[in-house]
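Residue strings, one per chain:
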Amino acid sequence: PVLPVVILTPDPYDTTRKTMGYLRPQTAVDRLEIIIVAPSKKSLDLDTADLEPFAGFRVVEAGHVESLGEGNAVGVREATAPVIALLEDHSRPERHWAEAILAAHRWDWAAVGPAMGNPNPKSAVSWADFLLAFGTWWIPTPSGEIDHLPTHNASYKRSVLLEYGPELETLLKAEIILQWDLCARGHRLYLEGGAQ
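The rules behind these values
Residues numbered from 1 in each chain as written. Predicted model: local features only at pLDDT ≥ 70, side-chain atom pairs only at ≥ 80, totals over all residues. Heavy atoms only, no water. Buried < 20%, exposed > 50% of the residue type's maximum accessible area, 1.4 Å probe, protein only. Helix = DSSP H or I, 4+ residues; strand = E, 2+ residues; numbered from the N terminus. Contact = heavy atoms within 4.5 Å. Salt bridge = Lys/Arg side-chain N within 4 Å of Asp/Glu carboxyl O.

### Here's the deal with helix 4 (residues 97–104)
1) Next: Where burial is concerned, most of helix 4 is hidden: six out of the eight residues are buried.
2) Next: For helix 4, the full list of buried residues reads Trp97, Ala98, Ala100, Ile101, Leu102 and Ala104.

Take a look at the structure:
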């Protein structure tokens, strides 16, 4: 299966280049499709050589996007595979991240999220921010069913997201609300400790 990775960037490609450097060595690189949501192809100034190892890539011209949720919804609708991963343009997924996400999605989980680490461990401010935002999923954390996942870094069954229709943009603005609503509808979420 192919895993589309949706990345919203309002800035030129250089902002996203570091994240691509973490995605290229993925053990499942040949199953990743990169979907970059940007204001325009021209403003993105894409270095296509960076994207050659992937199964494919697309740039979705979204014009001015008001929020991360709106941009991610554009990417979700553009993707065609059954599972979609959302990443921030500064994420640093480890080598087995995609492989572990795809393996977990073989089961009936509506969403799967990774365990999280602090990429800037020498800063007290970084630790404070990390613990507030991602402390629940701090590496090492065991895999298992959970009621919410790291926002802007989770993966979803596309069909489940599309059920929300035009509400999807709003729910992706505060992704925790989306996740709680998924649980209220009887869907299940999974933290995959092997995806970091």
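There's more to say after this.
### Focus: the environment of Trp127
1) Next: Considering the arrangement of structural elements, one finds Trp127 in helix 5 (residues 124–134).
2) Next: In this structure Trp127 comes out as partly exposed when scored by relative accessible area, which is 26%.
3) Next: Dropping the residues within four chain positions of it, Trp127 is found in contact with Asn118, Pro121 and Trp138.

### A short note on the pattern of salt bridges
Opposite charge on two side chains permits them to pair, given that their charged atoms come into close proximity.
1) Next: Tallied over the full model, the rule gives ten salt bridges.
2) Next: A salt bridge links Asp14 to Arg17; the nearest nitrogen and oxygen atoms lie 2.8 Å apart. Of this pair, Asp14 and Arg17 are both found in helix 1 (residues 14–23), three residues apart, which corresponds to roughly one turn of the helix.
3) Next: Residue Asp14 is classed as exposed on the basis of its relative accessible area, which comes to 56%.
4) Next: The closest approach of N and O atoms between Asp108 and Arg188, which form a salt bridge, is 3.4 Å. Remark: Arg188 occurs in the loop between helix 8 (175–184) and strand 8 (189–192) and Asp108 occurs in the loop between helix 4 and strand 5 (111–114); sequence separation between them is 80 residues.
5) Next: In this structure Arg188 comes out as partly exposed when scored by relative accessible area, which is 31%.

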